[in-house]
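Each chain, written out:
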Amino acid sequence: MIVIGVGISVLIVLIVGIVVARKVDGDSANYLVAGRSLGVPLVAVSLMAAAVDSNATVGNTDLTSGYGFWAGASLAIGLAVCLLISGLFLAKPMNKLGLYTLADFFRRRYGRVVEVGSSVIMIFSFTILLAGNLVAVGFLLERFAGISYVWGIILSVSLVLAYTLAGGLFSDAYTAAIQTVITVVASIALLGWVVINFGIIVPAGMGPFDMGQLTDPAQGAPVNWATLISLGIGDLVAIDFMQRIFAAKSPQVAQKSCFYAAGGTFVIGIIYALVALTTTAALGLSSADGPILFTLLGDYAPPLLAVLVLSGIVAASFSTAAGAILATSAIAVRNIFGVRRIVSGGTDPLLRWTRVAMVPIVVIGVLLAIRVSQTGILLTFAFDLMLACLAAPLVLGLFWKRPGASAVIVGALLGFTVRITLLALTPTMYGVPNDLFYVPNTLITADLDGWTTMISAVVGIGSFVLVAFLRPRPPHEQDLELQVAQELESEQAALLLSRTVS
């Protein structure tokens, strides 16, 4: 029954995604930013669907059960903080710029070299994020459908690729509406079932008000703060979030949508953390036997509830995976290879090649998911890199005119080098064994875990600010920004004209 129920929900999402694909109408602007036509409901649910993924649910419950509320809930809380900050400061000005990808901002603000460099970092990070969501679905299909972990990953990503190839952001936004409804209903139903059967049980020292989790290194405080900071600030450079912000039909719509999505993400994250604390205490569940949430749903929950919650997890993972595939492919084609939107006189090359680029992106994500079968840590590491390399050039560069390309290059190189070096030398990642990239050594112990995020961020952001003061942006870079701004305005005018004619 569980497999059939989840299969039906996936089929509905797939059908809607493919049917909506007709809205693309051969235009990359419709494919990448939904023609900049989405209202608050669709932008808000698509932002929330991107945030409430397998990391904020499956990863959340695993980490909460083992290390306490703040270890797991920080995944969702950090994402909620990111959406809140985006709504307060970034959504309106970024929507006004008329961008197609986040890398367009780096081209406009800092030039071609930074555009390419930032694109490489963003593609690298979001391929990691894609892998984290595939991991959860792979485990789910292995546990409930008897499909091997590897084939479960391949099957799930094939389904996501099918509707993303067809409809781009239009398909993503409309399927996100279904996915968000399933996730919200499932979360409320799961919490209600847990409360009725067990109440709310918070083991000593593991609850939301046990501040030792945020102050005591022995209780994982550095790791918890690293998660909050990485997701709260590093995730501002989330190419899938920004893709949805660009798709909003006005700056006001973009801002309101961020606020609604932040509230929903926060609530869902708290629910799953409380469920994990209660059921771990009441039933003695352990992640050593596989994801906590899957054990709870497979062995204890009523079948109908299991279908609902698992459908929500699959839906959330699909939405985030679709956004990551679309945004990384668009950046690769538009910002690395320089393909532009052309809709007159034939097929739009940006649309065609974005679809082609999705295949290698998916292959790399699958290989990484097979190599590192973790959920939450992949999400956090992806945005560790963003925090160390690109958060300052985005946030400060949007409002501060002094930094130039040299500041970005130095800050990103140093931040990336330090983060990768510390990754290689630290035996754990956010409290779990470092299976991603570890070089055995006696120099660094697990005590540095968590601090690695903050050290890398200080180096990357600090060097960016220092170089900005020492070497302000030269006049030719300012002239180049005006030229690129005019190019983007021309693209925006062409899009508005095509919408008016149609």
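To start, this report covers the structure provided alongside it. (Residues numbered from 1 in each chain as written. Predicted model: local features only at pLDDT ≥ 70, side-chain atom pairs only at ≥ 80, totals over all residues. Heavy atoms only, no water.)

1. Some details on the nonpolar core
Stated formally: Grouping buried Ala, Val, Leu, Ile, Met, Phe, Trp, Tyr and Cys residues that are joined through side-chain atoms within 4.5 Å yields what is termed a nonpolar core. We call a residue buried when its accessible area falls under 20% of the maximum for its residue type, exposed when it is over 50%, and partly exposed in between, using a 1.4 Å probe and counting protein chains only. Whether two residues touch is decided by their heavy atoms; if any such pair falls within 4.5 Å, the residues are in contact.
Counting residues in each nonpolar core, the largest one holds 151 residues, and the members touching the most others are Met94, Leu102, Phe105, Met122 and Leu190. Ignoring sequence-local partners within four residues, the contact set of Met122 consists of Leu102, Ala103, Phe106, Val237, Ile239, Thr328, Ile331, Met386 and Leu390. If you look at the next biggest cluster of nonpolar residues, it comprises nine residues, including Leu214, Leu228, Ala273 and Leu277.

2. What to know about the packing of aromatic side chains
Counted only if it meets this: Aromatic pairing here means that ring centres of Phe, Tyr or Trp (its six-membered ring) are within 6.5 Å. Orientation follows from the plane angle: under 30 degrees is stacked, over 60 is edge-to-face, and everything else is tilted. A run of H or I in DSSP counts as a helix once it spans at least four residues, and a run of E counts as a strand once it spans at least two, with each numbered from the N terminus. For a lysine, the NZ atom is tested; for an arginine, the CZ atom; a charge sits over a ring if that atom is within 6 Å of the ring centre and within 35 degrees of the ring normal.
Within this structure, the stated rule accounts for nine aromatic pairs. The interplanar angle of 85° and the centroid separation of 5.5 Å between the aromatic rings of Phe126 and Phe383 together place this pair among those described as edge-to-face. Placement of the pair is Phe126 in helix H7 (residues 112–144) and Phe383 in helix H16 (residues 376–389), with a sequence separation of 257 residues. You'll find Phe126 and Phe383 in the same group, each marked buried. By the ring-pair criterion, three or more aromatic residues cluster together here, those being Phe105, Phe106 and Tyr110. One residue, Lys23, lies across the ring of Phe170, its end atom 5.7 Å from the ring centre. Lying across the ring of Tyr100, Arg36 places its NZ or CZ 4.7 Å from the centre.

3. Some words on the side chain of Arg244
Relative to the helices and strands, Arg244 is located in helix H11 (residues 239–247). Apart from the residues lying within four places of it in its own chain, the contact partners of Arg244 are Val43, Ser46, Leu47, Ala50, Leu169, Asp172, Ser319 and Gly323.

4. Re a nonpolar patch on the surface
Inclusion rule: Exposure above 30% relative accessible area and the absence of a salt bridge qualify a residue for a patch, where like charges join within 9 Å and nonpolar side chains (Val, Leu, Ile, Met, Phe, Trp, Tyr) within 5 Å. Surface exposure here means Shrake-Rupley accessible area, sampled with a 1.4 Å probe, where a residue is shielded only by the protein chains that are shown. For this document, the term salt bridge refers to a Lys or Arg side-chain nitrogen within 4 Å of an Asp or Glu carboxyl oxygen.
On the surface, Leu84, Leu88, Phe89, Phe259 and Phe399 cluster together into a nonpolar patch covering about 490 Å² of accessible area. Among the elements that take part in the nonpolar patch, helix H5 (residues 69–96) stands out by supplying three residues, more than any other. Within the secondary structure, Leu84 is located in helix H5.

5. With respect to unusual backbone geometry
A negative phi angle characterises most non-glycine residues, just as the trans form characterises most peptide bonds. Backbone geometry places Ala34, a non-glycine residue, at a positive phi of 50°. For Ala34, the position within the fold is in the loop between helix H2 (28–33) and helix H3 (40–51). Of note, the phi angle at Arg36 is positive, near 50°, even though the residue is not glycine. Tracing the backbone shows Arg36 in the loop between H2 and H3.

6. Quick word on the pattern of salt bridges
Where charged atoms from two side chains of opposite charge come close, those side chains can pair. Under the counting rule described, the total for this entry stands at six salt bridges. Between Asp104 and Arg107 there is a salt bridge, with its nearest N and O atoms 3.7 Å apart. Taken together, the residues span about one helical turn, with Asp104 and Arg107 both in helix H6 (residues 102–110) at a distance of three residues. For Asp104, a relative accessible area of 0% translates into the label buried. Arg107 is the partner of Glu115 in a salt bridge, and the nearest nitrogen-oxygen pair spans 3.4 Å. Just as Glu115 is buried, Arg107 falls in that class too. Linked through salt bridges whose partners overlap, the residues forming this network are Asp104, Arg107, Arg112, Glu115 and Arg334.

7. A word on the side chain of Ser86
Summarising the element assignment, Ser86 is placed in helix H5. With a relative accessible area of 3%, Ser86 lands in the buried category. Sequence-distant contacts of Ser86, that is, excluding residues within four places in its chain, are made with Ala91, Leu236 and Cys258.

8. A few points about helix H19 (residues 451–470)
This is how it is decided: One less than the residue count of a helix, multiplied by 1.5 Å, gives the span that helix is expected to have.
In this model, H19 (20 residues) spans 28 Å end to end at C-alpha, consistent with the 28 Å of a helix rising 1.5 Å per residue. Among the residues of H19, Thr452, Thr453, Met454, Ser456, Ala457, Gly460, Ser463, Phe464, Val467 and Ala468 are the ones counted as buried.

9. A closer look at the state of the cysteines
A covalent bond bridging the sulfur atoms of two cysteines is what the word disulfide describes. Basically, it comes down to this: Disulfides are defined as pairs of cysteine sulfur atoms found within 2.5 Å of each other.
All chains considered together, the criterion is met by zero disulfides. With no disulfide partner, Cys82 has as its closest neighbouring cysteine sulfur the one in Cys258, 8.2 Å distant. Among the residues examined, Cys82 registers a relative accessible area of 0% and is labelled buried. With no disulfide of its own, Cys389 lies 16 Å from the sulfur of Cys82, the closest cysteine sulfur. Here Cys389 falls in the buried class, since its relative accessible area comes to 2%.

10. Points about the packing of H5 against helix H12 (residues 251–283)
Using the following cut-off: Helix axes are fitted to C-alpha atoms over the stretch in contact, other axes to C-alpha atoms as well, and angles between N-to-C directions run from 0 to 180 degrees. Should an angle lie under 35 degrees it is considered roughly parallel, over 145 roughly antiparallel, and from 65 to 115 roughly perpendicular; all remaining angles are considered oblique.
As a packed pair, H5 and H12 sit with axes 8 Å apart at the nearest point and diverge in direction by 180°. Considering their axes alone, H5 and H12 lie roughly antiparallel with respect to each other.

11. A short note on H7
Compared with the 48 Å implied by 1.5 Å per residue over 33 residues, the 48 Å span of H7 between its first and last C-alpha is a close match. In terms of residue burial, H7 counts as a mostly covered element, since 24 of its 33 residues are buried. Phi turns positive, to about 70°, at Gly146, one or two residues after H7.

12. Regarding the environment of Tyr438
By the secondary structure assignment, Tyr438 is in the loop between strand S2 (432–433) and H19. Taking the C-alpha atoms as reference, Tyr438 lies 10.0 Å from Ile420; in sequence the two are 18 residues apart. Beyond its immediate sequence surroundings of up to four residues, Tyr438 is in contact with Ala424, Leu425, Thr426 and Pro427.

13. A closer look at the environment of Ile229
With respect to the helices, strands and loops of the structure, Ile229 is situated in helix H10 (residues 221–232). Residues Ile229 and Pro475 lie 246 residues apart in sequence; the distance between their C-alpha atoms is 34 Å. Setting aside residues up to four positions removed in sequence, Ile229 forms contacts with Gly234, Leu387 and Met454.

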